[in-house]
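# Geometric and topological summary
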Amino acid sequence: METEVITLLSKREIEKMRRAGHLAAKLLYHLSHLVKPGVTTLELNDEAERWTRAHGAKSAPLDYKGYPKSICTSVNEVVCHGIPSARQILKDGDIINIDVTLIVDGYHGDTSKTFFVGEPSPLARKLVKVTEECRRRGIAAIKPGAKIGDIGAAIQEYAESQGFSVVRDFVGHGIGRVFHAAPQIPHYGDRGKGKRLRPGMVFTIEPMINEGTYEVEILDDKWTAVTKDRKLSAQCEHTLAVTEDGVEILTPYPGEDEISGI
Ligand code: MF3
Ligand code: CO
Ligand code: CO
């Protein structure tokens, strides 16, 4: 396989990524208030599209490789790329990952979070909490000189120590003017392996953590990825920049600090 070149972004470009990322996080926060029993995933999609246009931005997923909607809504056993639908009505106890990607002034901001619909089961609550801690530990491994494998190792060790598994078939990715670029960032792997991180690298971390097997299947719509055993899956995602001395979260969610963990 050909190794793709990793584009390093300038300070000016990272400022544009910050604009896109902050707006994407603001949209995710806005949508979080709409998540409740009785709401359809299409309603979430349509509000996302309306809000995005009203803020002068563009939904990156819409028409991306034929994807038909503006956001991904992945409920319960759906691992990722769930397609919003008028037939899908949220119910008490569901978990839903909402994944938004905005284009602002040519640059992408990509972020997601898993929300509870009403009251979650203790297991669902634990899975979501562990997934967020996986992302936090992955981010904590990022600094110039560290290796890509350090990120996956930190995530995999923690997920498996909690009795869960890490999805292999989808990975984090370089991002900037393009939605999905080199390098790939696996959420599993070996410390000390892979390419070295350098200031100016910009990529996502988006661990998908499963209750049971890490294996996934793609449904007939060619997009929706579900767990093979139909047990729960959770995910959360940030877009990140490697800085001179560490990492910057380009998609900070209001009220959260994933660097300190508070
Ligand atoms: N936002 C997803 C990611 O984190 C990609 C969605 S691609 C789509 O990479 F086409 F399904 F929207
Ligand atoms: Co992504
Ligand atoms: Co995403």
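Scroll up for the structure.
Residues numbered from 1 in each chain as written. Chains lettered and ligands numbered in written order. Predicted model: local features only at pLDDT ≥ 70, side-chain atom pairs only at ≥ 80, totals over all residues. Heavy atoms only, no water.

A word on the sheet that holds strand E13 (residues 233-235). What links the strands of a sheet is backbone hydrogen bonding, and the strands pair in either a parallel or an antiparallel sense. The three strands lie next to each other as E6-E10-E13, forming an open sheet whose pairing is antiparallel. Edge strands, defined here as strands with exactly one partner in the open sheet, are strand E6 (165-166) and E13. Bridge count for E6 against strand E10 (residues 208-210) is two bridges, and the pairing is antiparallel. When the sheet's bridge partners are listed, Val166 is paired in E10 with Ile209. Strands in contact with helix H3 (residues 122-140) are E10 and E13; relative to E13, the strand with the most contacts, it is inclined by about 40 degrees. (Pairing = 2+ DSSP bridges. Helix = DSSP H or I, 4+ residues; strand = E, 2+ residues; numbered from the N terminus. Contact = heavy atoms within 4.5 Å. Axes fitted to C-alpha atoms, helices over the stretch in contact; angles between N-to-C directions.)

For the rest of this paragraph, the subject is the coordination of the cobalt ion (ligand 2). At 2.0 to 2.3 Å from the cobalt ion (ligand 2) lie its protein donor atoms, namely Asp110 (OD), His173 (NE2), Glu206 (OE) and Glu237 (OE). Taken together, the six donor atoms surrounding the cobalt ion (ligand 2) define angles of 52 to 161 degrees at the centre, an arrangement classified as irregular. On the primary sequence, the residues serving as donors to the cobalt ion (ligand 2) are separated as D-x62-H-x32-E-x30-E. Here the cobalt ion (ligand 2) and the cobalt ion (ligand 3) are spaced 3.3 Å apart, and both take Asp110 as a donor. One end of the pair, Asp110, is in strand E5 (residues 107-116); the other, His173, is in strand E7 (residues 172-174), and 63 residues separate them in sequence. Accessibility assignment for this pair places Asp110 and His173 in one class, buried. (Donors = N, O, S within 2.8 Å, 3.2 Å for Na, K, Ca; no water. Tetrahedral: all angles 85-135°; square planar, octahedral: opposite > 155°, others 65-115°. Buried < 20%, exposed > 50% of the residue type's maximum accessible area, 1.4 Å probe, protein only.)

Our focus in this paragraph is the coordination of the cobalt ion (ligand 3). In this structure, Asp99 (OD), Asp99 (OD), Asp110 (OD) and Glu237 (OE) serve as the protein donors to the cobalt ion (ligand 3), at separations of 2.1 to 2.4 Å. One chain supplies every donor to the cobalt ion (ligand 3), and in sequence these donors are spaced D-x10-D-x126-E. Judged by its relative accessible area of 11%, Asp99 falls in the buried class. The class of Glu237 is buried, set by a relative accessible area of 0%.

Attention shifts here to helix H1 (residues 11-32). An α-helix turns once every 3.6 residues. As a result, residues three or four positions apart point the same way. For H1, built from 22 residues, the straight-helix expectation of 32 Å at 1.5 Å per residue is met to within 8% by its first-to-last C-alpha distance of 31 Å. Among all positions in H1, only Ile14, Met17, Ala20, Gly21, Leu23, Ala24, Ala25, Leu27, Leu28, Leu31 and Ser32 are buried. Summarising the contacts, the buried residues of H1 are in contact with helix H2 (41-54), strand E4 (95-104), E5, strand E9 (202-205) and strand E14 (238-242). (Expected span 1.5 Å × (residues − 1).)

With that settled, the discussion passes to H2. Taking 1.5 Å of rise per residue, 14 residues should cover 20 Å, and H2 covers 20 Å from first to last C-alpha, within 8% of that figure. For H2, the full list of buried residues reads Thr41, Leu44, Asn45, Glu47, Ala48, Glu49, Trp51 and Thr52. If you follow the buried residues of H2, they end up packed against H1, strand E1 (58-59), strand E2 (72-75) and E4. Backbone geometry just downstream of H2 places Gly56 in the positive-phi region, at approximately 70 degrees.

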